[in-house]
Amino acid sequence: MTSWFTICFVLDLLLRQGSREAYDYNEGNGYRSDQQSLRLRRVSSQVSNQNYPQYDLSSTPAEENEEGNSGPPRDLRAIPLPMALKRAVRQVQQMQVPVVSSRQSWRRKRTKSLHKLKEKARESLYFFTLWRKSLQKIGGNFGGGVQSYFLFLRFLVVFNFVSFLLIAGFVLIPSIVFRSAGASLVNSTGPDDCMVYDPNPQGLIEFYNYFLDLLSGTGFMEYSYLFYGYYNNNTMVEDRNFSYNIPLAYLFTAVFYFIFCLICIIARMGTAARVAVATGGSTVGNYSVIVFTGWDYGSQGDQATKLKQKNIHYQLQVDLEEESIQKRAAALTLCQKIVLYSLRVFMCFVSFGLIIAAFYGIFMATNFSQTRSGEEGILGLIFEYLPSIVITTGNFVVPLLCDQIALLERYSPSTTVIVALLRAVFLRLVSLGVLLFTLWRQITCEGNINSEDCKLCQYNYKVYPCWETRVGQEMYKLTLFDLLVNIALLVLVEFPRRMVVDNWSSKLAHWLGRQEFVVSANVLGLVYGQTVVWTGALFCPLLPLINTIKFVLLFYFRKVTLFYNCRPALKTFRSTTSTFFFLVVLMFGWGLATVVMIYSLAEIKPSMGCGPFRSIPSMWSIVPTSFHRLSTITQDFLFFIGSQAFSIPLFALSCVVMCYFVALASVYGKSVALLRAQLKLEGRDKQFLVKQIEKLSRQHQILKHTAGAHE
């Protein structure tokens, strides 16, 4: 027992002395002197003994915080102590029998139980993480860049499924229940010609027509809960205790769906931005993170260890490639830089010329498809899918040409991915905008509602008796056609290419080789598909569910083609900045879909023959109508929220909170800058010490050689 008391006494002396030094260390903003070199700091540290933080052996972190005592963190695992010293402290803790009150004992038990509960919850969530092992395997074999694509895909799967639950809970299920109860109010006002809408086919239907209707969204698919036109107008269930307005729920669900999407994207961007800021966007910062925090000590088994080693190898390879390209760029002469920048500007104009040609093709194909929409059979299906075919062909051919152009521009791997992604996202999103613009011209008679075709109903009722359903059908066909194209590429292109390359030894097969997994093109496909869903969610409420199923199938298709048909990329890129940029591109798609939704809600008159808004001049008109039905107290409360008496203090409070976070970010930025300056200073000190060691070793060898010569 005497030895244990001796250990406790020695530990207490060492830790208390170290705590006083740590306090003086913290009083100087983290440094004894920001300009002091490492050599002087080492001399002072030898005089003042080891600088260990204080650790009270008889207390826990929770107790110290609850009692109000300030000091450094008391978690033993987080304190920089030697392992032997930590073992001694742990043994002393286990031997202690603390004398505490019942209140302190209850606090200690509560803290331990809460800590265990958090750990168990975290372990359970980690166990139920979707595709956890698959993502670990992908990251180990193909690097963090390819893994970032699959992480992004998993985020969209969960994101779309939660969105479907939101729509189903507030729109779909109430509509099914109220329709079965027969609670429906059909519009009886307006011209008779505007109210003609009967999508149900008459007479005997051949079997193959059901398959065509499934692909095109017409027939039995058109008059179902899948599309806007099937939902009743002003469906309301009222009694003394309950009231539910389906049109208002339909509108607010669409609005909150977009707000929910924005919140999820911003939260995801914040997580990605923290990683990018932590590394500083530089190879040095990323290298430090990889070396000191990259290894997973929880890896069990040879396979998991090898995958983690490969993943770290890929990350280091990216940093080395980035650094070598930056050195070559810095070594260019003025004439070489002028030639390079001129080449990049010229290639940029060539890329935009190809994109504009694709836009013109989409515009012409959409006009031709709408004029031939009355055809039946296989030919009618081809005309229905003509815009989707042209859009998909342009989105496949033009990015390939732009990728070849990017090779001539000689950007770094990460910059090449971002530039290719920008060009491709501009092509895909604007091509979708061209399609919507063409539909708008035909629905609104090119914006002239006083023309002959639009004067009666304020929209082209002859071609589009339910224009909302028609827009939803176009988005449905784009989503379905994108999935069919991915399946066809996997079966008809990627597997045959791998079989030819593996089993045919020729120059053509050697030149062709196995394909690389192009992250930028695949990410853009996800952004494009999600933008289509956002655009059509107002007119096709079940589109998020269809997109969830599509993305789940796409995950397994991409995983199969990655492991069986692809080889590791010759040029890798950093996943930290790319992950953040993927979300920025997704935000562009959300912005395009939001503009479409706002314009549809506020400007275009709803169809008079279908949908929940058939009796009002615009979809947004249901909001003031429902507002006047509220009680006087509720109206006064809502008026107060919109008044200056509420908005001005709220704005002032928001400004104060924003200033606080800006100041906090500034302080953190200065701390990070000081830490980086200290790292640079320590690096210089290490270089100085290495030079001194080399100098002393050379002097020692010279003295040794001189002594041998004298002998």
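Our subject is the structure that appears above.
Residues numbered from 1 in each chain as written. Predicted model: local features only at pLDDT ≥ 70, side-chain atom pairs only at ≥ 80, totals over all residues. Heavy atoms only, no water.

**Q** Explanation requested: the packing of helix H15 (residues 467–503) against helix H17 (residues 519–536) in the structure shown.
**A** Packed helices, taken two at a time, are described by the angle between their axes plus the distance between the axes. For the pair H15 and H17, the least separation of the axes is 9 Å and the interaxial angle reads 155°. For the element pair H15 / H17, the angle class is roughly antiparallel. H15 and H17 meet at a crossing whose hand is left-handed. Across the interface between the two elements, Met475, Leu478, Thr479 and Asp482 of H15 pack against Gly525, Tyr528, Val532, Val533, Thr535 and Gly536 of H17. (Axes fitted to C-alpha atoms, helices over the stretch in contact; angles between N-to-C directions. Helix = DSSP H or I, 4+ residues; strand = E, 2+ residues; numbered from the N terminus. Parallel < 35°, antiparallel > 145°, perpendicular 65-115°, else oblique. Left-handed = near helix turned anticlockwise from the far one by under 90°. Contact = heavy atoms within 4.5 Å.)

**Q** It is not clear to me how the packing of helix H11 (residues 334–371) against helix H13 (residues 386–409) should be interpreted in this structure. Could you clarify?
**A** Packing of H11 against H13 brings their axes to within 9 Å, and their N-to-C directions diverge by 175°. Relative to H13, H11 is oriented roughly antiparallel. Of the residues that constitute the contact of H11 with H13, the class distribution is 20 nonpolar, four polar and two charged. (Nonpolar A, V, L, I, M, F, W, Y, C, P; charged D, E, K, R; others polar.)

**Q** How do you make sense of the side chain of Arg428 when you look at a structure like this?
**A** Tracing the backbone shows Arg428 in helix H14 (residues 413–443). Of the side chains bearing the opposite charge, Asp482 lies closest to the buried Arg428, which forms no salt bridge; the N-O distance is 5.0 Å. Setting aside chain neighbours within four positions, we find Arg428 in contact with Asn395, Leu524, Gly525 and Tyr528. (Buried < 20%, exposed > 50% of the residue type's maximum accessible area, 1.4 Å probe, protein only. Lys, Arg positive; Asp, Glu negative; His and termini not counted. Salt bridge = Lys/Arg side-chain N within 4 Å of Asp/Glu carboxyl O.)

**Q** Sorry if this is basic, but what is going on with the nonpolar core here?
**A** For soluble globular proteins, nonpolar side chains are generally found buried alongside one another. Judged by nonpolar contacts, the single largest core of 112 residues is most densely connected at Tyr149, Phe150, Phe152, Trp467, Trp534 and Leu586. If you tally residues by element for this core, the top one is helix H6 (residues 132–180), at 17 residues. Contact partners of Trp467, with chain neighbours within four places excluded, come to Ile443, Tyr459, Phe539, Ser600, Ile604, Lys605, Pro606, Ser607 and Met619. (Core = buried A, V, L, I, M, F, W, Y, C linked by side-chain atoms within 4.5 Å.)

**Q** What is the right way to look at the environment of Gly229 in this model?
**A** As for its placement among the helices and strands, Gly229 is situated in the loop between helix H7 (207–216) and strand S1 (236–238). When its relative accessible area of 3% is taken as the criterion, Gly229 is described as buried. For the pair formed by Gly229 and Cys540, sequence separation is 311 residues and the distance between their alpha carbons is 9.2 Å. Setting aside residues up to four positions removed in sequence, Gly229 forms contacts with Tyr223, Cys466, Thr469, Cys610, Gly611 and Arg614.

**Q** Quick question: what am I supposed to make of the pattern of salt bridges here?
**A** When the charged atoms of two side chains with opposite charge come close together, those side chains can pair. Under the counting rule described, the total for this entry stands at three salt bridges. Across the salt bridge formed by Lys550 and Asp482, the nearest N and O atoms sit 2.7 Å from each other. Taken together, the positions of Lys550 in helix H18 (residues 543–565) and Asp482 in helix H15 put the pair 68 residues apart, joining distant regions of the chain. Taken as a pair, Lys550 and Asp482 share a single burial class, namely buried. Taken together, the shared-partner salt bridges in this structure form one network comprising Arg470, Glu474 and Lys477.

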